[in-house]
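Breakdown of the fold
Residue strings, one per chain:
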Amino acid sequence: MMDEKMVDALNSQLNAELYSSYLYLSMGSYFESEDMSGFANWMRVQAQEELMHAMKIYDYILQRGDRAILIRIDSPPTEWESALTAFEHVYSHEQKVTGLINQLVNLAISLGDHATNNFLQWFVAEQVEEEESSSGVLKKVKMAKGSLSGMLMLDNELAQRIFTPPATKE
């Protein structure tokens, strides 16, 4: 079993990951309503990834002999001014999640919880990818700003993203 502070912090992160999934589903719905199905697809895949992150934490808490506690998820925004403001929100949100993961690592280190620190290193690496992915799309949206053809090309590109679930343990 883990230190109670660590369990509480992991449960808080579990909730943050579920909120992230909820946020990206909301953004996906926004993009569908704007007839931007490629952007909506990107968000749907992102929502699935965030749910997978939540389940990874959920399973880890249980594996360590503790209990995952699910709490109320705040309602995410439902409207954005544009694809640009939506992806600015995505990038900012991913930076916030990176900070939360770093706080978890710091707590694990301060508690001498080497197993949890090791577990969290996957999330540290994942957040580098999350920030790179979201900033990459943000840069492309900025480049296409004001160009209908540019946005249509980007929408087509984002439609190609697929969710690949992680390999299951045998």
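In this numbering scheme, every chain counts its residues from 1 along its sequence in written order. pLDDT decides what is reported in this predicted model: residues at 70 or higher carry local features, side-chain atom pairs at 80 or more are listed and counted, and totals for whole chains, interfaces and linings draw on all residues regardless. Side-chain numbers come from the whole structure's heavy atoms, not from hydrogens or water.

**Comments concerning the overall build of the protein chain**
The helix count covers DSSP runs of H or I at least four residues long, the strand count covers runs of E at least two residues long, and both are numbered beginning at the N terminus. Broken down by element type, the protein chain carries 5 helices and 0 strands. For 170 residues, the compact-globule estimate of 2.2 N^0.38 gives 15 Å, and the C-alpha radius of gyration of the protein chain, at 17 Å, lies within 12% of that figure. Taking the principal axes of its C-alpha atoms as reference, the protein chain extends roughly 55 × 35 × 25 Å. The burial tally for the protein chain puts 46% of its 170 residues in the buried class. Long-range contacts, defined as pairs at least 24 residues apart, comprise 83% of the intrachain contacts of the protein chain with a sequence gap of at least 6. All accessible-area figures derive from a Shrake-Rupley calculation using a 1.4 Å probe, and residue coverage is judged against the displayed protein chains alone. Total accessible area computed for the protein chain in this model is approximately 9,600 Å², and 53% of it derives from carbon and sulfur atoms. Charge centroids of the protein chain, computed over 13 positive and 25 negative side chains, lie 2 Å from each other. We compute the radius of gyration over the C-alpha atoms and compare it with the globule rule, which gives 2.2 Å times the number of residues raised to the power 0.38. Under the scheme applied here, a residue whose accessible area is under 20% of the maximum for its type counts as buried, over 50% as exposed, and between as partly exposed, the area being computed with a 1.4 Å probe on protein chains only. By the convention used here, residues are in contact when the closest approach between their heavy atoms is within 4.5 Å. Counting rule applied: Lys, Arg positive; Asp, Glu negative; His and chain ends not counted. Think of each charge as sitting on NZ of Lys, CZ of Arg, CG of Asp or CD of Glu.

**Comments concerning the packing of aromatic side chains**
The aromatic pairing rule takes the rings of Phe, Tyr and Trp, using the six-membered ring of Trp, and pairs them if the centres are within 6.5 Å, calling planes under 30 degrees apart stacked, those over 60 edge-to-face and the rest tilted. This model, assessed by the stated rule, comprises 9 aromatic pairs. Each ring, one from Trp122 and one from Phe123, has its centre 4.9 Å from the other, and the planes form 85°; the classification is edge-to-face. In textbook terms, an aromatic cluster arises when at least three aromatic residues are bridged by ring pairs, as seen for Tyr30, Phe31, Phe39, Trp42, Trp80 and Phe87. Counted as over-ring charges are cases with an Arg CZ or a Lys NZ within 6 Å of the ring centre that also lie within 35 degrees of the ring normal. In this structure, Lys56 is placed above the aromatic ring of Trp122, and the distance from its NZ or CZ to the ring centre is 4.5 Å.

**With respect to the layout of surface pockets**
Cavities and pockets were defined on a 1 Å grid built from protein atoms only: a cavity is a group of points that admits a 1.4 Å probe but offers it no way out, a pocket is an open group of points flanked by protein on both sides within 12 Å along at least five of seven lines, and a lining residue is one with an atom within 4 Å of any such point. Grid points are joined across faces, edges and corners, and a volume is the space filled by probe spheres set on the points. By volume, the second largest pocket amounts to about 190 Å³. Looking at the second largest pocket, it is lined by 13 residues, and the ones nearest its centre are Ala16, Tyr19, Asp74, His93 and Lys96. Elements with a contribution of two residues or more to the lining of the second largest pocket: helix H1 (4-33) and helix H3 (83-110). Polar here means any residue outside two lists: the nonpolar Ala, Val, Leu, Ile, Met, Phe, Trp, Tyr, Cys and Pro, and the charged Asp, Glu, Lys and Arg; Gly therefore counts as polar. Its residues placed into classes, the lining of the second largest pocket shows 6 nonpolar, 4 polar and 3 charged.

**Comments concerning the packing of helix H4 (residues 114-144) against helix H5 (residues 148-158)**
Fitting a line to C-alpha atoms yields each axis, with helices limited to the stretch in contact; the angle taken between N-to-C directions then spans 0 to 180 degrees. With their axes 8 Å apart at the nearest point, H4 and H5 run at an angle of 155° to one another. Taken together, the axis directions place H4 and H5 in an arrangement best described as roughly antiparallel. In terms of crossing hand, the pair formed by H4 and H5 is right-handed. From H4, Val137, Lys140, Val141 and Ala144 reach across to H5, where they touch Gly150, Met151, Leu154, Glu157 and Leu158. When an angle is under 35 degrees it counts as roughly parallel; over 145 it counts as roughly antiparallel; between 65 and 115 it counts as roughly perpendicular; any other value is oblique. Rotating anticlockwise by less than a right angle from the far helix to the near helix defines a left-handed crossing, while the corresponding clockwise rotation defines a right-handed one.

**Details of unusual backbone geometry**
If you check the backbone angles, Asp35 has positive phi at about 60° while not being a glycine. Among the structural elements, Asp35 can be located in the loop between H1 and helix H2 (37-63). When its relative accessible area of 70% is taken as the criterion, Asp35 is described as exposed.

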